[in-house]
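Analysis of the macromolecular model
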Amino acid sequence: VYLLSADGAWLQHVSSFNPDPIRRAELDAFHSSTPLRAAQAATDSALLEGRTVTHHHVDIADSVRLLTPRFAQYSDRLLVQSYISAPVKDRRGMVRGTVTLARFLGGQPFPDAVTKQVESMAAWVGTAVEQVERCTIAWLARDTLYERVAQLIRLKPSLTVGELDSAITELLDDDVAEAVFDTNRQLVAANDAFTRRFDVHPTTTGAEHVSDGAFAADPSHDVASMWAHLLSGTSDFLSTTADDTSTVTGVQSRIQWAVVRRPDATAVAIIAVCE
């Protein structure tokens, strides 16, 4: 599995496998020490054309070209004779990388059915990449908001979180759905992304609660148990499944939670950041 770098200039090795442990070690060494430019991909590659490509007989010169001098001594074991390569795409159809199944010299030819398997693997990888990216964005946004609200509480420890609602609103991100609750589940502040996504109206009702159906905990835990966990001191950080209409079909979205405490360790605010 290769994925494009953020600037699109490099193909970054993510994962590989070979049933032969010696060849697997050689491949790992090769991948870890040999950067591959996206421009080095063949003109008819899955990366550039955005479609599955099968080469039944790779030219020896092309195969050797990919080996660096330090791996030339392993050419009898690492030269590729044929391969199937499928593009890894996101939901917009943008190519993010490739999944390639290679046959080395002397290996058995690929049956026709293998092409569909490689394409299925590429689709799974595309879904996984997007899921990781969504989780990472929400995770970092939660940590940022947590630090900002915690700093605000440290500066004004005598005030309740409700009295700080205007200041907290200024700390919210513009894009990621974020909200802050008090320890009684009352919604104190939320950005537009949050109110649109979960159809809550804090400016008019003033008292939205997690228990009203705006959120749902992980199916293995009910909402009361989730809040009890957050306020118990067992862990100040928690992830649960989001139950909202914006969830992409087949992919579960999650909510990243965090508990903000006063200097005396008393819980004062609950942060929710949504993928």
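Keep in mind the model is a prediction, meaning the values are calculated, not measured.

Moving on, we get to the side chain of Asn-191. Locating Asn-191 in the fold gives a position in the loop between strand S8 (187-190) and helix H7 (192-198). Discounting chain neighbours no more than four positions away, the residues touching Asn-191 are Leu-172, Asp-173, Val-176, Ala-177 and Glu-178.

The next thing to look at is the packing of aromatic side chains. Overall, the coordinates contain seven aromatic pairs when judged by the stated rule. Ring centres of Phe-30 and Phe-71 lie 5.4 Å apart, and the angle between their planes is 85°; this geometry places the pair in the edge-to-face category. Residue Phe-30 is located in helix H1 (residues 21-33), and its partner Phe-71 is located in the loop between helix H3 (60-65) and helix H4 (75-78); the two are separated by 41 residues in the primary sequence. Phe-71 matches Phe-30 in its accessibility class, with the two residues each being buried. Centre to centre, the rings of Phe-181 and Phe-194 are 6.5 Å apart; their planes meet at 70°, and the pair counts as edge-to-face. With a gap of 13 residues between them, Phe-181 in strand S7 (residues 178-181) and Phe-194 in helix H7 connect regions that are remote in the sequence. Looking at Phe-181, the relative accessible area reads 2%, which means it is buried. Members of the aromatic cluster, joined through ring pairs, are Phe-181, Phe-194, Trp-227 and Trp-257. One cation-aromatic arrangement involves Arg-142 over Trp-139; the distance from NZ or CZ to the ring centre is 4.4 Å.

Applying the stated criterion to the full structure yields nine salt bridges. Arg-96 serves as the salt-bridge partner of Asp-90, at 3.9 Å between the closest nitrogen and oxygen. When its relative accessible area of 8% is taken as the criterion, Asp-90 is described as buried. The salt bridge partner of Arg-96 is Glu-133, with a shortest N-O separation of 2.4 Å. Here Glu-133 lies in helix H5 (residues 113-155) and Arg-96 lies in strand S6 (residues 95-104), a separation of 37 residues in the sequence. Arg-96 sits in the partly exposed class, given a relative accessible area of 24%. For Glu-133, a relative accessible area of 33% translates into the label partly exposed. Each of the salt bridges in this network shares a partner with another, and the network as a whole consists of Asp-90, Arg-92, Arg-96 and Glu-133.

Procedures and definitions
Residues numbered from 1 in each chain as written. Predicted model: local features only at pLDDT ≥ 70, side-chain atom pairs only at ≥ 80, totals over all residues. Heavy atoms only, no water. Helix = DSSP H or I, 4+ residues; strand = E, 2+ residues; numbered from the N terminus. Contact = heavy atoms within 4.5 Å. Phe/Tyr/Trp six-rings, centres within 6.5 Å; stacked < 30°, edge-to-face > 60°. Buried < 20%, exposed > 50% of the residue type's maximum accessible area, 1.4 Å probe, protein only. Lys NZ or Arg CZ within 6 Å of the ring centre and 35° of its normal. Salt bridge = Lys/Arg side-chain N within 4 Å of Asp/Glu carboxyl O.

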